[in-house]
Every structure is written in C-alpha cells, then in structure tokens.
Amino acid sequence: MQALDMVTVKGSSVFFLDVVRGLKSEADRVKMAIQEVKPDLIAMSVSKEEIEGLRDYIKEPYEVEMSRYEELYAKNLSRFGDVFLPPPCFLAGLEEAENRRLELVGVDMDDETHTAAYCALVSGSELFRHTTRFNLLKLKSFRADTPADFVKVWDRKINNLRGFRELEKERERFMAKELDRIAGGDGRRILAIIDLERSEGARRRLRSLVTGQ
C-alpha cells in the first residue's frame, strides 16, 4: 500500500499522489492509488484544456511534439525507465476515471490564466536568459539516485530565475484553491494526482487555506 499524504478539507479527504511526469511506470502507481483510495473524484495537476487533449489522444493517438527542454528532460529521466508523452500518470488517471465513471477535474491554471500570470511575472530579460541557457543545460550532469531526486534537481535548475519561481508558486496557489473549492462539504474522498515538484507546495498552501493561516 502506498503512503499518501492526506489533508482534510471541509469534511472531505484529499489524498495526494506525487507523480513523476513522463515516467511510464507511474501509470501503475496511479491505478494502485485509485484502487486503494476508492475516490469519489480525481483531481490532476493539468488544465481543463489538457484534459481535453488527453481525451483526444485516447480517441486517436498521435505523436506528441516536444520542446527542446522537454526533450532534454526526457533524455535525463530515461535513466530511470521508459519515458512517454502524454504523461502516463495523467493518461491513467483519465482512463480510470472514465472506466469507473468518476468525476475528473483539472486543477492547474487554464491557458488564459497561465498566460496572464506568465506575462505579469516573467520579465523580458528572464525569458531571454531562459531561452539562451539551453546549451549550458545540455552539458550539465543532473546528479540523482531516483526519479524523484532528478525531478527536484531539474525543477531547481529550470526555475532558478525569479519570475519563473514566482510563476510556479502561483500555480501551487491556484491548485490549492481549486482543491479547496471542489472539496465541498459532503465528505468526499478526492485523489489529487499532482506533479511531484509542485505537490509539496500545493499541499502546504491547501493546509494554510484550511487553517486560515
């Protein structure tokens, strides 16, 4: 049985499953967690537009194009197992929700909200530095013993510019508010499938909303 952190929100239980985006073996962890938690609702750290994209992929699979950063991420992550896009953890979440007729909610920023936050927080100079440092990252050795360690190291390197750090914090706040909203007050069991590098922050911010601190 997997050890999942749980936050009680308005009488509902939100169970957090921290996942490594792209790692194929994560699909099995998602299915196992759903079997164990027996949720009434599944939440995932993707936008509502991404959920529709996953549905389209399941209906008619296609080759997903990756950005340069995604290709580098996948290359380094592949040391720990097969890597696949769309992320198997979220594909599994969608498939299980549909098979079990469970409500599925994307709790990450929608495209419009993310674009507005990006423009407000990331400066032109930071965007330029982010774009031009790619070749330096290609030469870097990401020291990590586990997939979780790698994801954390990667996240620190990719978001070491202030604007990008603030954007990720804003995503965590958004996800926490969405989880608080969907919890309701009817004793629901919610499985939150959240990117590992954002899960701790989202969990902490959700607890702050619950306690009012």
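The structure under discussion appears in the preceding block.
Here goes a summary of the coordinates provided. (Residues numbered from 1 in each chain as written. Predicted model: local features only at pLDDT ≥ 70, side-chain atom pairs only at ≥ 80, totals over all residues. Heavy atoms only, no water.)

**Looking at the overall build of the protein chain**
At step 1: Helix and strand counts for the protein chain stand at ten helices and five strands.
At step 2: In summary, the protein chain has a C-alpha radius of gyration of 17 Å against a globular reference of 17 Å for 213 residues, a match within 12%.
At step 3: On the principal axes, the C-alpha backbone points of the protein chain span a range of 50 × 40 × 35 Å.
At step 4: Within the protein chain, contacts between residues separated by at least 24 positions form 83% of all contacts whose residues are at least 6 apart in sequence.
At step 5: About 11500 Å² of surface is accessible on the protein chain, with carbon and sulfur atoms providing 48% of the total. (Helix = DSSP H or I, 4+ residues; strand = E, 2+ residues; numbered from the N terminus. Rg over C-alpha atoms; globule rule 2.2 N^0.38 Å. Contact = heavy atoms within 4.5 Å. Areas by Shrake-Rupley, 256 points an atom, 1.4 Å probe, with all protein chains shown as cover.)

**Observations concerning unusual backbone geometry**
At step 1: Residues Leu85 and Pro86 are joined by a peptide bond in cis, for which omega reads 0 degrees.
At step 2: Here Lys10, not a glycine, exhibits a phi torsion of approximately 55 degrees, which is positive.
At step 3: Relative to the elements of secondary structure, Lys10 occurs in the loop between β1 (5-9) and β2 (12-19).
At step 4: Backbone geometry at Lys38 places phi at a positive 55 degrees, although glycine is not the residue there.
At step 5: Relative to the helices and strands, Lys38 resides in the loop between α1 (26-37) and β3 (41-44).

**Considerations on the pattern of salt bridges**
At step 1: Under the criterion given, the structure shown has 18 salt bridges.
At step 2: Between Glu103 and Arg188 there is a salt bridge, with its nearest N and O atoms 2.9 Å apart. Placement of Glu103 in strand β4 (residues 103-106) and of Arg188 in the loop between α9 (162-183) and β5 (189-195) is noted, with a sequence separation of 85 residues between them.
At step 3: One network of salt bridges, with partners in common, ties together Asp108, Asp155, Glu168, Arg171, Glu172, Arg198 and Arg205. (Salt bridge = Lys/Arg side-chain N within 4 Å of Asp/Glu carboxyl O.)

**Digging into the environment of Met109**
At step 1: Mapped onto the fold, Met109 is located in the loop between β4 and α5 (111-121).
At step 2: For Met109, a relative accessible area of 5% gives the class buried.
At step 3: In contact with Met109, other than residues within four places in its own chain, are Ser47, His114, Ala117, Glu170, Arg171 and Phe174. (Buried < 20%, exposed > 50% of the residue type's maximum accessible area, 1.4 Å probe, protein only.)

**Details of the nonpolar core**
At step 1: Residues Leu17, Val30, Ile42, Met44, Phe90, Leu191 and Ile193 are the most contacted members of the largest nonpolar core, which totals 25 residues.
At step 2: Put simply, the parts of the chain that give this core at least two residues each are β2, α1, β3, α2 (48-59), α4 (88-100) and β5.
At step 3: When residues in this core are grouped by element, the largest group, six residues, is from α4.
At step 4: The contact partners of Leu191, leaving out residues within four places of it in the chain, are Leu4, Phe15, Leu17, Ala33, Ile34, Val37, Pro39, Leu41, Ile42 and Ala43.
At step 5: Membership of the second largest hydrophobic core comes to 18 residues, among which are Val7, Ala43, Val107 and Ile182. (Core = buried A, V, L, I, M, F, W, Y, C linked by side-chain atoms within 4.5 Å.)

**Some remarks on the sheet that holds β1**
At step 1: Here five strands make up an open sheet; going across it, the order is β1-β2-β5-β3-β4 and the pairing mixed. The sheet is open, and its two borders are formed by β1 and β4, each paired with just one other strand. Sheet twist, expressed as the mean angle between neighbouring strand axes with direction ignored, is 25 degrees.
At step 2: α9 rests against β1, β2, β3, β4 and β5 of the sheet, and its axis sits at about 165 degrees to β5. (Pairing = 2+ DSSP bridges. Axes fitted to C-alpha atoms, helices over the stretch in contact; angles between N-to-C directions.)

**Notes on the packing of α9 against helix α10 (residues 196-211)**
At step 1: Across the interface, α9 lies against α10 with an axial gap of 8 Å and an inter-helix angle of 55 degrees. On the basis of their axis angle, the class for α9 and α10 is oblique. Between α9 and α10 the crossing geometry is right-handed. Here Glu168, Lys169, Arg171, Glu172, Arg173, Met175, Ala176, Lys177, Leu179 and Asp180 of α9 come into contact with α10, specifically with Glu197, Arg198, Gly201, Ala202, Arg204, Arg205, Leu206 and Leu209.
At step 2: Among the residues forming the contact of α9 with α10, the class breakdown is six nonpolar, one polar and eleven charged. (Parallel < 35°, antiparallel > 145°, perpendicular 65-115°, else oblique. Left-handed = near helix turned anticlockwise from the far one by under 90°. Nonpolar A, V, L, I, M, F, W, Y, C, P; charged D, E, K, R; others polar.)

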